[in-house]
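# Close look at the chain arrangement
So you can see what is in the structure, the chains are spelled out below.
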Amino acid sequence: VGADPEAGVHWRSVTGLGEMSGDHAGGLVQDLYDLSENALYEGGSPLFDTVTAAYEYMGDHAVEGADNAVVVLTNDGTDSVSAPTVEQTQEALADAASTQAVPVTLYTVGFGSADASNLEALAEATQGAYVAAPDAGGLLELLRGGSVN
């Protein structure tokens, strides 16, 4: 979710960093529900700036021996706000991935008419994957079932 693009802050954390089990997993679910009910973001979505910033942030906070990941949920996949193109963002992500001491993987999840091509290109730059969210729900089951390569 874009926080204040004019101030150069293109994203904000939805929840704290933590292991995806136990209390933290339950807290994440609640944080996502709160976001969907309470947050509005008007104007264009700075998706490419946001993905790059989140990826760099996670790279700076990656934990050795853990599965370090950034998960992007979107119903679009295009960007008319960020300066870089999808190709430039893909290149920046690949460059960042190649220099990380502790690997971080980007997963993109597209809802509705999201631009699968862009989301796939971004994820693949970090050896991640794109997931098309099921129309009738079931995303959590899809992810739990190991259908993400």
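Report follows, based on the coordinates. The residue numbering used here restarts from 1 in each chain and proceeds along that chain's sequence as written. Restriction of local features to residues with pLDDT of at least 70 applies here, the model being predicted, together with a cutoff of 80 or more for giving and counting side-chain atom pairs; totals for whole chains, interfaces and linings are based on all residues. No hydrogens and no water enter the side-chain calculation; it runs on all heavy atoms of the structure.

### Remarks on the sheet that holds strand β1 (residues 68-74)
Pairing between strands requires that DSSP locate at least two bridges from one strand to the other. We count a stretch as a helix when DSSP gives it H or I for four or more residues in a row; a strand needs E for two or more, and each element gets its number in order from the N terminus. Here we have three strands laid out as an open sheet, ordered β1-β2-β3, and parallel in their pairing. The sheet terminates laterally at β1 and β3 (129-132), the two strands that pair on one side only. Averaged over all neighbouring strand pairs, the angle between strand axes comes to 20°, with direction disregarded. Strand direction decides the pairing type here: β1 and strand β2 (residues 104-110), joined by seven bridges, are parallel. The residue of β2 that forms the bridge with A69 is T105. The contact rule is simple, with two residues in contact once any of their heavy atoms fall within 4.5 Å. Here an angle of 0 to 180 degrees is reported between the N-to-C directions of two axes, which are lines fitted to C-alpha atoms, with helices fitted over the stretch in contact. Seen against the sheet, helix α2 (residues 47-60) touches β1 and β2 and runs at an angle of roughly 160° to β1.

### Comments concerning the pairing of β3
Only one face of β3 is buried: it carries A129 and V131, and the other face, with Y130 and A132, is open. By the bridge criterion, four bridges tie β2 to β3 in an arrangement that is parallel. In the strand pairing of β3, V109 is matched with V131. Burial classes: relative accessible area under 20% of the type maximum marks a residue as buried, over 50% as exposed, and values in between as partly exposed (1.4 Å probe, protein chains only).

### Considerations on α2
The α-helix winds at 3.6 residues per turn, so residues separated by three or four positions along the chain end up facing the same way. Here α2 contains 14 residues, and its C-alpha end-to-end distance of 20 Å stays within 8% of the 20 Å for a straight helix at 1.5 Å per residue. Check the buried side of α2 and you find it contacts β1, α3 (86-99), β2 and α4 (116-124). Any helix carries an expected span of 1.5 Å times its number of residues minus one.

### Observations regarding α3
Counted at 1.5 Å a residue, the expected span for α3 with its 14 residues is 20 Å, and the 20 Å between its end C-alpha atoms agrees. Within α3 the residues assigned to the buried category are V86, T89 and L93. The buried residues of α3 occupy one face: seen down the axis, they fall within an arc of 60°. Opposite the buried face of α3, by more than 90 degrees, sit the exposed residues E87, E91, S98 and T99. Summarising the contacts, the buried residues of α3 are in contact with α2, β2 and α4. Note: the arc covers the axis-to-C-beta directions of the helix.

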